[in-house]
Amino acid sequence: MGSKSIKSALISVYHKDNLDSIVLKLNQLGVNLISTGGTKDFIESLGVPVTAVEEITSYPSIFGGRVKTLHPKILGGILYRRENAGDLDQQAQFEIPSIDLVIVDLYPFEATVASGASEEDIVEKIDIGGISLIRAAAKNFNDVIIVASQAQYGALAELLEAKNGVSEIEDRKWFAGKAFGVSSHYDSAIFNYFNNEPGTERISLNDGEILRYGENPHQSATVYKYNNTNSNVTLANAKVLQGKTLSYNNLLDADAAWKATSDAFHSVTHIQNKVAVAVVKHLNPCGLAVSDNILKSLELAWEGDPISAYGGIICFTGVVDAEIAAWFKDRFVEIIIATGYTPEALEIFGKKKNLRLLETPVKPEITKEKLFRSISGGFLVQDEDEGVDSEFKNVTSAQFAETKMQLAKFGITACKHLKSNAIAIVTENSDGSFWLTGAGMGQPNRLDSLRALTMPRFNLKKGIKISDSVLVSDAFFPFRDSIEAANEYGVKYIVEPGGSIRDEDVISACNELGIAMLFTGKRHFKH
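What counts, and where the lines are drawn
- Residues numbered from 1 in each chain as written.
- Predicted model: local features only at pLDDT ≥ 70, side-chain atom pairs only at ≥ 80, totals over all residues.
- Heavy atoms only, no water.
- Helix = DSSP H or I, 4+ residues; strand = E, 2+ residues; numbered from the N terminus.
- Rg over C-alpha atoms; globule rule 2.2 N^0.38 Å.
- Buried < 20%, exposed > 50% of the residue type's maximum accessible area, 1.4 Å probe, protein only.
- Contact = heavy atoms within 4.5 Å.
- Salt bridge = Lys/Arg side-chain N within 4 Å of Asp/Glu carboxyl O.
- Pairing = 2+ DSSP bridges.
- Axes fitted to C-alpha atoms, helices over the stretch in contact; angles between N-to-C directions.
- Parallel < 35°, antiparallel > 145°, perpendicular 65-115°, else oblique.
- Left-handed = near helix turned anticlockwise from the far one by under 90°.
- Nonpolar A, V, L, I, M, F, W, Y, C, P; charged D, E, K, R; others polar.
- Phe/Tyr/Trp six-rings, centres within 6.5 Å; stacked < 30°, edge-to-face > 60°.
- Lys NZ or Arg CZ within 6 Å of the ring centre and 35° of its normal.

### A short note on the overall build of the protein chain
Check the secondary structure of the protein chain and you find 20 helices and 25 strands. Relative to the globule expectation of 24 Å for 527 residues, the C-alpha radius of gyration of the protein chain, 30 Å, shows a markedly less compact shape. Viewed in the frame of its principal axes, the protein chain has a C-alpha envelope of about 95 × 55 × 45 Å. For the protein chain, buried positions account for 49% of its 527 residues. Look at the contacts in the protein chain between residues 6 or more apart in sequence, and 58% of them connect residues 24 or more apart.

### Regarding the pattern of salt bridges
A complete count under the given rule lists 19 salt bridges for this structure. One salt bridge in this structure joins Glu484 and Arg480, with 2.9 Å as the shortest N-O distance. For Arg480, a relative accessible area of 28% corresponds to the partly exposed category. Shared partners join several salt bridges into a network, and the residues in it are Lys4, Glu83 and Asp143.

### Notes on the pairing of strand β11 (residues 275–281)
Most of β11 is tucked away, with 6 of its 7 residues classed as buried. Across 7 bridges, β11 lies against strand β12 (residues 284–291) in antiparallel orientation. Within the sheet, the bridge partner assigned to Val277 lies in β12 and is Ala289. Linking β11 to β12, which pair antiparallel, is a turn of 2 residues; within it His282 sits at a positive phi near 50 degrees.

### Notes on the packing of helix α9 (residues 153–163) against helix α10 (residues 169–194)
The geometry of a pair of packed helices is captured by two quantities: the angle between their axes and the separation between those axes. Contact geometry for α9 and α10: axes closest at 12 Å, N-to-C directions at 165 degrees. With respect to each other, α9 and α10 are oriented roughly antiparallel. In terms of crossing hand, the pair formed by α9 and α10 is left-handed. Residue-level contacts link Ala155, Leu156, Leu159 and Lys163 of α9 to Asp171, Trp174 and Phe175 of α10. Residues that form the contact of α9 with α10 fall into these classes: 5 nonpolar, no polar and 2 charged.

### Focus: the packing of aromatic side chains
Summed over all chains, the structure comprises 12 aromatic pairs. Taking 5.3 Å as the distance between ring centres and 50 degrees as the angle between the ring planes, the aromatic pair formed by Tyr310 and Phe332 counts as tilted. Residue Tyr310 is found in the loop between α13 (306–309) and β13 (313–316), and its partner Phe332 is found in the loop between α14 (322–327) and β15 (335–338); the two are separated by 22 residues along the sequence. By relative accessible area, Tyr310 is classed as exposed at 53%. The ring of Phe191 has Arg202 lying over it, and the distance from NZ or CZ to the ring centre is 4.3 Å.

### Some points on the sheet that holds β13
On the basis of which strands lie adjacent, the open sheet formed by 12 strands has the order β10-β17-β15-β13-β11-β12-β22-β21-β23-β24-β25-β20 and mixed pairing. Each of the sheet's edge strands pairs with one partner strand only, and the pair in question is β10 (239–242) and β20 (393–394). Sheet topology places β13 next to β15; 3 bridges connect them, and they run parallel. Within β15, the position partnered with Ile314 by the bridge is Ile336. Against the sheet, helix α12 (residues 294–303) touches β11, β12, β13 and β22 (434–440), its axis set at about 150 degrees to β12. Its contacts with the sheet put helix α20 (residues 503–513) on β24 (493–496) and β25 (516–519), and the angle it makes with β25 is roughly 150 degrees.

So, in structure tokens, the structure goes:
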């Protein structure tokens, strides 16, 4: 089980990139090559002799290529134990060739799913022969080297160059470990595509990026990216155009900003050429606006809480141009996220070397993405809180104006992105633009969130008529005291889920004070 020389190699890959130098080196070392189909043609195009698998098995590739290498003379040549007398006798008896190196990769199943391909195409990308070769060679690491991914080409090339293809048990075991990582991840992706049963999940994460530190400098952290089988549009896949390395907190805030902005964009349907902008700090939108002009949306979002906006994360559902870039000249923010940037904007932002610029499309309204959170000794998994509320029930004597319904939907969206207990005040301007004019969040009781609204500090001074605004609560009001507190602000429209045992007391308070209230029947806690 010590040193092993490579005398024969089976090569069967889907991706041919960067394979040529390895093939030429193996040929230079006198290694006999075995191959199939397109890989065989590729090797021959390099002027390197190669034996077809069909010559060894005496069987052609059948069933449209589904069966090529699944044969005892191939799998046997990989799996037989070189130091086992019985295996050696059977190898000689059945004329099984020895295979010392297997280079194989798998059909691109995840990429095919993410592309939106048909189920027929997806199923055809479930690799059978490749996965069998990988597991066989990895199991017999005592005698065989397995290269299961292009990611290991560099390590193989180094072994061929530095050691002339002679491997030690430590080398082969390392390659085997990588191979089982490839196969387990691949199987997880296939399982997740077919799985629709609650209570069963497969999580497989590769290629983690070590972050500078975690939530605090004394904590270590890593970010992993995975392919969501329902959408390849994710914040983790955003293109980073400039700036310092993203930190743990940066990524959390950026994700919160992207989701809040995208949801606000989807919640508003009456504005043509709409642009949504969010300003997020510590996972909470301190500003959120939708209008028909990107600068207007930015200014409204910033005015929602200009103190908290300092050092925040800004997200746009539109392309940032030079005018927007110049607007930030004397304003400090950590990250800007947009669907695109003009060259002039990038030139202006380039003067702020530490500013991170991210580019990503608007999040789809429905992704069916799962949310994972860890607890001590386990994971919690839930569906994303997606979609726009559509069912409303007027429960008070005062009628909720039909003209306020679009604003109510925007307000629910704003509120559901605030940390519970959450209260949002949203306002419509004369030009039809919507914005978050008051936010109370993260308090242990709903009354304190109402009393801690940002709005009185800023926006009541700007002439906003609160009686025309809408107050939204992420969960029911358990007592009438919250209604009385809202009345002190001058609120005349309230939206909440309902469902309290004291709903009637709350409704009575609204009726006494002339407040119109809607029940939605849907809670939006965010912890």
